[in-house]
Amino acid sequence: MSRAGPDAVATLVSFHAHPDDEAIPTAGTLAKAAMDGHRVVLVFATRGEHGEVAESFLDPGEELWKRREQETMRSAEILGAARVEFLGYVDSGMMGTPENDAPGSFWRADVEEAAARLAAILAEEDADVLTVYDDHGVYGHPDHIQVHRVGVRAAELAGTSRVYESTANRDHVVQGLLEAREMGVELPGDLDPDAFSDFGVGEDAITTVVDVTDFLDVKRASMRAHASQISETSFFLSIPEEFFARAFGQEWYIRRGAPPGTNETSLFD
């Protein structure tokens, strides 16, 4: 993908663990930034080699990482991203699985080495803003935790001062699930409202809430681009529009170093 023109206002680098991670928590923010004229750059630590995929979804002999790379490029086009890069590490699987210790896994990567790879992109782009995840990777995935560690260090190396930790408003999510359950929406077992005590952060920890209701169609399209991981029958794409808007109409961040009481509505304030 080519560099944006000279009229771009600022450059936002969004760092993620796997293909599709940009779609659910940050797609609205990225699409809005691109529409507003900012340069959006997507960086992925891995190509999601160990994601789950439905039987017979891939073509004979096709490797999952290749399909996910193609899906990423499609999502980037939908969001208006100007550049996509992969750092070259291998998906570490879920916490406690053998993939954590596999050669080249991101979870076992040297933080300084990985940060230097990302810092080189930040410096090349003269990045104004970097997004990572919160310090527990939102829900404890090893690669998401490593994105936080590597991203924070890379920002230090590159001198990128404005760093946002993508997170989830636990209070909002739990309340939304309770409302959905009361209204008869059938929730998957892994979306039990009583099992979210370690998911995201409490509302009082959030500094920045981006309203992305005008970009919900783009967000759905970004999710849909990752068909190997988010099927049309998945909870994300099959819930009624009103619940989709309730769940995904806001995107939440913690700005590192922000003073108490910070209440932003944009990563570019």
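Residues numbered from 1 in each chain as written. Predicted model: local features only at pLDDT ≥ 70, side-chain atom pairs only at ≥ 80, totals over all residues. Heavy atoms only, no water.

Draft legend 1. Layout of unusual backbone geometry. Not every positive phi belongs to a glycine, and aspartate 20 is a case in point at roughly 90°. Relative to the assigned elements, aspartate 20 resides in the loop between strand 1 (11-16) and helix 1 (23-35). Aspartate 20 sits in the buried class, given a relative accessible area of 12%. One non-glycine residue with positive phi stands out, namely serine 56, at about 75°. (Helix = DSSP H or I, 4+ residues; strand = E, 2+ residues; numbered from the N terminus. Buried < 20%, exposed > 50% of the residue type's maximum accessible area, 1.4 Å probe, protein only.)

Draft legend 2. Region of the structure containing helix 2 (residues 64-79). If you check helix 2, its first and last C-alpha atoms are 22 Å apart, about what 16 residues at 1.5 Å a residue would give, namely 22 Å. If you check which residues of helix 2 are buried, you get Leu64, Arg67, Arg68, Glu69, Glu71, Thr72, Ser75, Ala76 and Leu79. Where helix 2 is buried, its residues contact helix 1, strand 2 (39-46), strand 3 (83-89) and helix 7 (216-225). One or two residues past the end of helix 2 sits glycine 80, with phi positive at roughly 90°. (Expected span 1.5 Å × (residues − 1). Contact = heavy atoms within 4.5 Å.)

Draft legend 3. Geometry of the nonpolar core. The biggest cluster of nonpolar side chains holds 49 residues, and the ones touching the most others in it are Phe15, Val43 and Phe106. Here valine 43 is in contact with Val13, Ser14, Phe15, His16, Glu85, Leu87, Leu118 and Ile121, once residues within four sequence places are set aside. Core analysis: the second largest hydrophobic core is formed by 20 residues, Leu30, Ala31, Leu79 and Leu267 among them. (Core = buried A, V, L, I, M, F, W, Y, C linked by side-chain atoms within 4.5 Å.)

Draft legend 4. A look at the pairing of strand 4 (residues 129-133). For strand 4, the tally of buried residues reaches five of five residues, placing the bulk of the element in the interior. Residues Val129, Thr131 and Tyr133 point to one face of strand 4 and Leu130 and Val132 to the other, with burial holding for every one of them. Bridge count for strand 1 against strand 4 is three bridges, and the pairing is parallel. Bridging across to strand 4, leucine 12 finds its partner in valine 129. (Pairing = 2+ DSSP bridges.)

Draft legend 5. Structural view of the pattern of salt bridges. Summed over all chains, the structure comprises 20 salt bridges. Notably, a salt bridge pairs arginine 83 with glutamate 124, separated by 3.4 Å at the nearest N-O pair. In this pair, arginine 83 sits in strand 3 while glutamate 124 sits in helix 3 (residues 111-125), placing the two residues 41 residues apart along the sequence. Among the salt bridges present, the one from glutamate 264 reaches arginine 162, with a minimum N-O distance of 3.2 Å. (Salt bridge = Lys/Arg side-chain N within 4 Å of Asp/Glu carboxyl O.)

Draft legend 6. Examining the side chain of arginine 67 more closely. Relative to the helices and strands, arginine 67 resides in helix 2. Residue class for arginine 67 comes out buried when judged on its relative accessible area of 17%. In this structure arginine 67 touches Phe57, Leu58, Asp59, Glu62 and Ser228, once residues within four positions along its chain are discounted.

Draft legend 7. Highlighting the confidence of the model for the protein. Of all residues in the protein, 97% have pLDDT values of 70 or greater, and the mean over the chain is 92. In the model, residues 1-6 has pLDDT below 50 throughout and makes 14 contacts with residues more than four positions away in sequence or in other chains. (pLDDT = per-residue confidence, 0-100.)

Draft legend 8. Just helix 3, in detail. Across its 15 residues, helix 3 extends 21 Å between first and last C-alpha, which sits within 8% of the 21 Å expected from 1.5 Å per residue. Within helix 3, burial applies to Ala114, Ala115, Leu118, Ala119, Ile121, Leu122 and Glu125. Among the residues of helix 3, the N-terminal cap falls to aspartate 110, whose side-chain oxygen and the backbone nitrogen of glutamate 112 are separated by 3.2 Å. Backbone geometry just downstream of helix 3 places aspartate 126 in the positive-phi region, at approximately 50°. (Polar contact = N/O pair within 3.5 Å; in protein donor to acceptor, adjacent residues only side chain to side chain.)

Draft legend 9. Spotlight on the packing of aromatic side chains. Taken as a whole and judged by the stated rule, the model has eight aromatic pairs. Centre to centre, the rings of phenylalanine 196 and phenylalanine 199 are 5.0 Å apart; their planes meet at 75°, and the pair counts as edge-to-face. The class for phenylalanine 196 is buried, based on a relative accessible area of 8%. By relative accessible area, phenylalanine 199 is classed as partly exposed at 22%. A network of ring pairs unites the aromatic residues Phe235, Phe236, Phe244 and Phe248 as a single cluster. (Phe/Tyr/Trp six-rings, centres within 6.5 Å; stacked < 30°, edge-to-face > 60°.)

Draft legend 10. Seen up close, the sheet that holds strand 3. With mixed pairing, the seven strands of this open sheet are ordered in space as 3-2-1-4-5-7-6. Each edge of the sheet is formed by a strand with only one pairing partner; in this case those strands are strand 3 and strand 6 (208-211). Across this sheet, the average inter-strand angle for adjacent strands is 25°, counted without regard to direction. One ladder, built from five bridges, connects strand 4 with strand 5 (residues 162-167); its direction is parallel. The residue of strand 5 that forms the bridge with threonine 131 is tyrosine 164. Docked against the sheet, helix 1 engages strand 1, strand 2, strand 5, strand 6 and strand 7 (250-255), running at close to 90° with respect to strand 7. (Axes fitted to C-alpha atoms, helices over the stretch in contact; angles between N-to-C directions.)

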